[in-house]
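Residue-level structural notes
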Amino acid sequence: ATVQHLKWEIKYEYRSPDCFKKLSITVNGLSPGPTITATQGDTLIIQVTNSLITENTAIHWHGIRQRGTPWSDGTQGITQCPILPGETFTYQFVVDRAGTYMYHAHYEMQRSAGLHGLIRVLVPEGTVEPFSYDEERSIVVNDWWHKSAIEQSTGLLSLNFSWVGEPQSLLINGRGPFVLTMVPGKTYRLRIASLASLSALNLEIEGHDMIIVEADGHYVDPVIVKNLNIYSGETYSIIVKADQDPSRNYWIGLNVISRKPGTPTGTSILNYYPISPFKVPPTLPPTGPLWNDTLYRFNQTKLIKSHPDHIEPPPPTSNRVIILLNTQNKVNGYIRWCVNNVSLNLPTTPYLIAIKEKLRHVFSQKPALETYKYKNYDIHSVLKNPNATLGNSIHRLEFNSTVDLILQNANALSSNISETHPWHLHGHDFWVLGYGLGKFDPQIDPKNYNLVDPIQKNTVPLHPYGWTALRFQADNPGVWSFHCHLEAHFFIGMGVVLEEGVERLGKLPKSIMGCGQSKSLVRT
Ligand code: C2O
Ligand code: CU
């Protein structure tokens, strides 16, 4: 294993990814930022200098579990104080499992300004993966607004609520029209990460099947699909063979699913070498599945199982079951997203510091609610009383215990609307025990859990009016967020915080301190 030193400068620069000139956040001049390539077991030391001038920042390494380094998770308000303009913060962690991951800003809505990129962790030399290919390519997909992240976030926090709206464009590797070149006859591994802020996306390569082989760093029992539904925070590797008519190019279509599209299809080109990349395919770009075909998406998520040779079975039972009802509510007239009727409002002193340094008064010591009154709750109708509260309570888990997280979807504030929420867990991978449509029944549904070959992931969709059941081992000392990965949802409260084993950690680095009540700790 080697140690890689990276020096990053974060700043605003004008970019025109879809021909509209806008301030984007760049990493060393790039948006998406540079792809990090490491080998399993490597240590990454990333020195981040904030040159945003008027904004704080923090960067999260999404999918990297940060075992033993919870202070490098990059979640502002949870594991660290923000990095102030002009300051440099050093993240140091080990990439302990091969796979495809990502990084992105975890401060306000900066992710949607383009501060994001891909992390490739390669298998150690001599290790054989359960699939083969000639070459590989990386693909970052995201949605793009012409309004700045500041305008978006300000609108969301206004009493006169101003929704971000549908994105203006869909981008591949930061480009409207991107060109992916392949040599006819060769087989490719495409590593795909969705850094979308809002949209669930469908990626289709005209005339080419895709074989899904990896999801969130875990090998998948290979499945062939015509197109791939990918939710914000998810990564996949797919195998694509350049086996079609070599005399032409093909469309790569990126489409919004699960929300009524107000965005044109993202059209990129699959270019068959040596044809000119400018030769337009003689066909129409793929339009993807029907945007409101929930069953189509539900069925594709259910296809993803662990590769038979790489199964790490989940514990057969759990010590604790936490049911999390997802609703859209109002708090003092403001629109907020809630979990069990509470909208997360991060304290000014990050939880990790508060807990380790026993600054108990900086957040509520009342445990967060672990269920909702499901007996008579109708998930299909609009709440009669949409009022909820802000809160900063957390779930404190017994170290090494096994925990089930059950996500329950419901109707939003308008009738006949239930959104898709991609939930992401920091610090762990969970087993995906099951998905269902309708209301989760704690007596019956667990009987049908997949305990045989569930996939392990760090991000999963919660489908409209559905539920998703997850299990994980609370074996990583730290404070970890579990939240909806839609930027505009987490920003207005859609998340919870979990703590385990903080008392086992050694001294916290002073570099994460300095805000809120942790000011006094850095002065001493
Ligand atoms: Cu990729 Cu907390 O998120
Ligand atoms: Cu959401």
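Residues numbered from 1 in each chain as written. Chains lettered and ligands numbered in written order. Predicted model: local features only at pLDDT ≥ 70, side-chain atom pairs only at ≥ 80, totals over all residues.

What about the overall build of the chain?
Stated precisely, the cut-off is as follows: Under the DSSP-based scheme used, a helix requires at least four consecutive residues in state H or I and a strand at least two consecutive residues in state E, with every element numbered from the N terminus. Values of the radius of gyration come from C-alpha atoms, whereas the globule rule sets the reference at 2.2 Å times the count of residues to the power 0.38. Here a residue counts as buried when 20 or more other C-beta atoms sit within 10 Å of its C-beta, as exposed when there are 12 or fewer, and as partly exposed otherwise, the C-beta atoms being derived from the backbone. In this description, a residue-residue contact is defined by the distance between C-beta atoms placed from the backbone, which must lie within 7 Å.
From N to C terminus, the chain includes five helices and 32 strands. Over its C-alpha trace the chain gives a radius of gyration of 22 Å, about what one expects of a compact globule, namely 24 Å for 524 residues. The dimensions of the chain, computed from C-alpha atoms along their principal axes, are 70 × 50 × 50 Å. Counting every position in the chain, which comprises 524 residues, the buried fraction comes to 52%. Here the analysis covers contacts within the chain between residues at least 6 apart in sequence; of these, 80% occur between residues at least 24 apart.

Overview of the UniProt feature "domain: Plastocyanin-like" (unreviewed entry) in the chain
Counted only if it meets this: UniProt positions are given in the numbering used here, feature names are shortened, and annotations may be inferred rather than shown by experiment.
The UniProt record annotates "domain: Plastocyanin-like" (unreviewed entry) at residues 10–122, 137–273 and 367–501. The span residues 10–122 shows a helical share of 0% and a strand share of 43%, and its end C-alpha atoms are spaced 26 Å apart. Helix makes up 6% of residues 137–273 and strand 51%, with an end-to-end C-alpha separation of 15 Å.

Regarding the sheet that holds strand 19 (residues 266–272)
Rules: Being paired, for any two strands, means DSSP has found at least two bridges between them. To get an axis, fit a line to the C-alpha atoms, keeping to the stretch in contact for a helix; angles then go from 0 to 180 degrees between the N-to-C directions.
Spatial strand order, 11-19-18-13-16: five strands in an open sheet with mixed pairing. Because the sheet does not close on itself, it has two edges, and the strands there are strand 11 (179–182) and strand 16 (227–230). Between one strand axis and the next, the sheet turns by 20° as a mean value, whatever way the strands run. Both strand 13 (residues 200–205) and strand 16 contribute to a ladder of four bridges, which runs antiparallel. Residue Leu203 lies in a different strand from strand 16, and its bridge partner there is Leu228.

Re unusual backbone geometry
Across the junction of Ser31 and Pro32, the peptide omega takes the value -10°, indicating a cis bond. Along the polypeptide, Pro32 turns up in the loop between strand 2 (22–27) and strand 3 (36–39). For the bond from Tyr273 to Pro274, the omega torsion is 0°, close enough to zero to count as cis. Structurally, Pro274 can be placed in the loop between strand 19 and helix 2 (294–303).

Observations concerning the environment of Ser72
As for its position among the elements, Ser72 is in the loop between strand 5 (59–62) and strand 6 (88–94). Of the residues examined, Ser72 has 26 C-beta atoms within 10 Å and is grouped as buried.

Regarding the domain arrangement of the chain
Applicable threshold: An automatic or database domain assignment provides the domain bounds reported here. Amino acids outside the nonpolar list (Ala, Val, Leu, Ile, Met, Phe, Trp, Tyr, Cys, Pro) and the charged list (Asp, Glu, Lys, Arg) are all regarded as polar, and Gly is one of them.
Taken domain by domain, the chain comprises domain 1 (3–122), domain 2 (135–306) and domain 3 (311–523). Taken together, the contact pairs 20 residues of domain 1 with 26 residues of domain 3. Residue classes in the side of domain 1 that touches domain 3 are distributed as seven nonpolar, eight polar and five charged.

Some words on the environment of His395
Relative to the helices and strands, His395 resides in strand 24 (residues 395–397). Residue classification places His395 among the buried positions, given that 21 C-beta atoms sit within 10 Å. A sequence separation of 78 residues divides His395 from Thr317, and the C-alpha atoms of the two residues are 19 Å apart. When residues no more than four places from it in sequence are discounted, the contact partners of His395 are Ile322, Pro367, Ala368, Glu370, Val496 and Leu498.

Thoughts on the sheet that holds strand 2
The strand order across the open sheet built from four strands is 2-1-4-6, with neighbouring strands paired in mixed fashion. At either end of the open sheet lies a strand with only one pairing partner, and these are strand 2 and strand 6. Adjacent strand axes in the sheet meet at a mean angle of 20° when their direction is disregarded.

Quick look at the nonpolar core
Convention followed: The term nonpolar core means buried Ala, Val, Leu, Ile, Met, Phe, Trp, Tyr and Cys residues held together as one set by C-beta atoms within 7 Å.
Core analysis: the biggest nonpolar cluster contains 143 residues, and Val141, Leu201 and Ile238 have the highest contact counts within it. Residues contacting Val141, with those up to four places away along its chain left out, are Ile172, Ile192, Ser194, Ala196, Leu201, Leu203, Ile230 and Leu254.

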